[in-house]
Amino acid sequence: MPRVSPAEGGGSRRRWIVGAALTLLLAVGVTIVWRAGGLEAAAEKVDRIGFGTIVEGQRFALDVRGAAYATVDPLPSFGDPEPGRFLVLDLKVENVSRLPATVRDLTASLFVRVGGYEMNRFGDISGATVVRDGRSSRSQLHPGLGESVRVVYKVPERVPVPERVDVRVRDEEYTGGFGSDLPEWRPGEDLAVVSGRVRR
Amino acid sequence: MTRVWRVVACVGLLAVIAVVQRVAPGPAEQYAPITTAGGLGSQVRTEEFVVRAERVAFARAVQFKDELGFVGEPMTTPGVWMVVWATAAATSEALRLQGVEVETAEGSVYAASDALGTLDKVELQPGMPVHGPLLFEVPPQAVAGVTLKVFTQGQRGLRWLGGGTSIDLGVKGTPAPAPALVIGGTREL
């Protein structure tokens, strides 16, 4: 029967412990990085396209049809339209997912830049609606049903009257996240930057 | 030989783990609302409310008629309007049916229209049934086999493990929608 000296036995046990600890550390590290999305491929360069081109993601397919500058609110919420500085975006939008969505969900994925200033996706919007039947009071985007959508942004005084606009379109993914496995819409990759002239 | 059997056992266990991971319900299924099933004309009861879907109709445009008999402007849709007449009442506490949807056979979900005057906008009182329309905009080719889902929460994230209904509306084939449909509002029974 082979005998192991106490010194050899202690060394072997130590090597096992160090090996197991390193493996565990590596596994924990890889898991954390993986769950945080760190092992995903780097995003590719985003395409720059013009108005009239359909950009399709996992939630919306949209086509920016045009942009205009207005000095009177085109979507007054109540009473007579107020004067001001407004950027109007007109889009054709289809909800390509299986779940209901709203215009607010759409505008949260649009990053609009004019004259070096990026509009606040929430605070700078003065109105956003589905335009149908001459009304502008609807906000729902149903799966598979295309709609005309108008979004109006307030242009801050310090920003020059816009001549061009860039609309960066970000995708959304319906998936679980780091904090919860329950699925919800989460920010995805940038799909495209739609650029065009702003009409007066 | 013992070592071979150990390797076989390990591979077998790994295969079992892989199969269990594949067939086990995901988080969305584990936490899905607990729905009570029913059909058109049947009374479906949950802990919080009772609902009965009674009739379904399709139209290209709808117009609301108010209590004085005035008919509003037609509302169109890129799909078709599906109107479900239903009666609902709360069971113990006043509530609104804020999460009303139809789900197609393919799994697409259509929220009830945000138009005013429908049953899902009314506050239901316990034991006091209210009758009225529920409005949906749907693609006509997708309505065969739709089910009506009713929840008390509009936000999907607040419905996990809550109560709800799943009512088969008995729609078969592609409907022939009426050009326009005039619908009344809600009324207490």
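About the thresholds
Residues numbered from 1 in each chain as written. Chains lettered and ligands numbered in written order. Predicted model: local features only at pLDDT ≥ 70, side-chain atom pairs only at ≥ 80, totals over all residues. Helix = DSSP H or I, 4+ residues; strand = E, 2+ residues; numbered from the N terminus. Rg over C-alpha atoms; globule rule 2.2 N^0.38 Å. Buried ≥ 20, exposed ≤ 12 C-beta atoms within 10 Å, placed from the backbone. Domains from an automatic or database assignment. Expected span 1.5 Å × (residues − 1). Contact = placed C-beta atoms within 7 Å. Nonpolar A, V, L, I, M, F, W, Y, C, P; charged D, E, K, R; others polar. Pairing = 2+ DSSP bridges.

**Focus: the overall build of chain B**
Inference 1: Each helix and strand in chain B was counted, giving 2 helices and 11 strands.
Inference 2: Helices and strands appear in chain B in the N-to-C order α-α-β-β-β-β-β-β-β-β-β-β-β.
Inference 3: The C-alpha radius of gyration of chain B comes to 22 Å, more than 25% above the 16 Å expected for a compact globule of 189 residues.
Inference 4: The principal-axis extent of the C-alpha atoms belonging to chain B is close to 90 × 40 × 25 Å.
Inference 5: Across the 189 residues of chain B, 30% fall into the buried class.

**Observations regarding the domain arrangement of chain A**
Inference 1: When the domains of chain A are assigned, the result is domain 1 (1–40) and domain 2 (48–199).
Inference 2: Centre-to-centre, using C-alpha coordinates, domain 1 of chain A lies 52 Å away from domain 2 of chain A.

**What about helix α1 (residues 2–23) of chain B?**
Inference 1: Between its terminal C-alpha atoms α1 of chain B stretches 31 Å, which fits the 32 Å expected from 22 residues at 1.5 Å a residue.
Inference 2: In terms of burial, α1 of chain B is a largely surface element, 0 of the 22 residues being buried.

**What to know about the interface of chain B and chain A**
Inference 1: Taken together, the 18 residues of chain B in the interface contact 19 residues of chain A.
Inference 2: Listed by contribution, the elements that provide at least two residues to the side of chain B that touches chain A are α2 (27–30), β4 (75–90) and β6 (109–111) of chain B.
Inference 3: Ranked by the residues each element gives to the side of chain B that touches chain A, the list is headed by β4 of chain B, at 4 residues.
Inference 4: For the side of chain B that touches chain A, the class distribution of residues is 11 nonpolar, 5 polar and 2 charged.

**Quick look at the pairing of strand β5 (residues 99–103) of chain B**
Residues and elements named next belong to chain B.
Inference 1: Among the 5 residues in β5, 4 count as buried, and that is most of the element.
Inference 2: One ladder, built from 5 bridges, connects β5 with strand β8 (residues 147–151); its direction is antiparallel. Pairing of valine 100 across the sheet is with valine 150, part of β8.
Inference 3: Bridge count between β5 and β6: 3 bridges; the pairing is antiparallel. The residue of β6 that forms the bridge with glutamate 101 is alanine 111.

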